[in-house]
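# Structural features, examined
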Amino acid sequence: MKTLTLNHSFTPSPLKKINQDLSVLESNSDPDESKFLQLVTERDEFIKSYLQTLDKNLKTDFVNAELKVNGVLVAYAEESFKASLKLLTGLVRGRKAVKKYR
C-alpha cells in the first residue's frame with residue numbers, strides 16, 4: 001500500500017495534524033478501522049467549519065485540492081475494506097474446514 005499524501009498547498013496547520021495522524025495510522029501493519037473513522041470524521045468536521053471562513057477564490061482552490069485528497073482517502077478505505085473482507089473470508093473457510101474434520 002502506498003503512503004497517503006493528504007496535504008496540499010492550501011492545507012491549514014490543524015488539518016495537517018489530522019492528516020499526519022491518518023498517515024501514521026495507514027503505516028501500521030494492522031490499522032484500526034474505528035480510529036480511521038474517527039479521524040476521517042474529525043477531518044470532515046474541520047473542513048466544513050474551515051470552509052465557512054474562506055473567501056470565494058480561496059474556497060474554490062481549497063475545495064479542488066481537497067477533492068483529490070478525498071479520492072485518495074476513498075481509495076484507501078476501499079482497499080482496507082477489501083483486505084478485511086479477504087481476511088474474514090479466510091477465517092470463515094478455516095472455521096468450516098475445522099468443523100468438517102471434527
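Now for a description of the structure that goes with this document. (Residues numbered from 1 in each chain as written. Predicted model: local features only at pLDDT ≥ 70, side-chain atom pairs only at ≥ 80, totals over all residues. Heavy atoms only, no water.)

## Details of the overall build of the protein
Under the convention used in this document: In this description a helix means any DSSP run of H or I spanning at least four residues, a strand means any run of E spanning at least two, and both kinds are numbered starting from the N terminus. Throughout, radius of gyration means the C-alpha value; the globule benchmark is 2.2 Å times the number of residues raised to the power 0.38. Summary of the burial criterion: residues with accessible area below 20% of their type's maximum are buried, those above 50% are exposed, and those between are partly exposed, where the area comes from a 1.4 Å probe applied to protein chains only. The criterion used for residue contact is that any of the two residues' heavy atoms lie within 4.5 Å. All accessible-area figures derive from a Shrake-Rupley calculation using a 1.4 Å probe, and residue coverage is judged against the displayed protein chains alone. When charges are tallied, Lys and Arg are placed among the positive residues and Asp and Glu among the negative ones, while His and the ends of the chain are skipped. Every charge is mapped to an atom, namely NZ of Lys, CZ of Arg, CG of Asp or CD of Glu.
Scanning the protein from terminus to terminus reveals 3 helices and 0 strands. Helices and strands appear in the protein in the N-to-C order α-α-α. Here the C-alpha atoms of the protein give a radius of gyration of 18 Å, more than 25% beyond the 13 Å that 2.2 N^0.38 yields for 102 residues. Principal axes of the C-alpha set define a box for the protein whose edges measure 70 × 25 × 20 Å. Looking at the 102 residues of the protein, the share that counts as buried comes to 25%. Here the contacts in the protein between residues at least 6 apart in sequence split such that 60% fall between residues at least 24 apart. Surface accessibility of the protein: about 7,600 Å² in total, with carbon and sulfur atoms responsible for 57%. Averaging the positions of the 17 positive and the 13 negative side-chain charges in the protein gives two centres separated by 11 Å.

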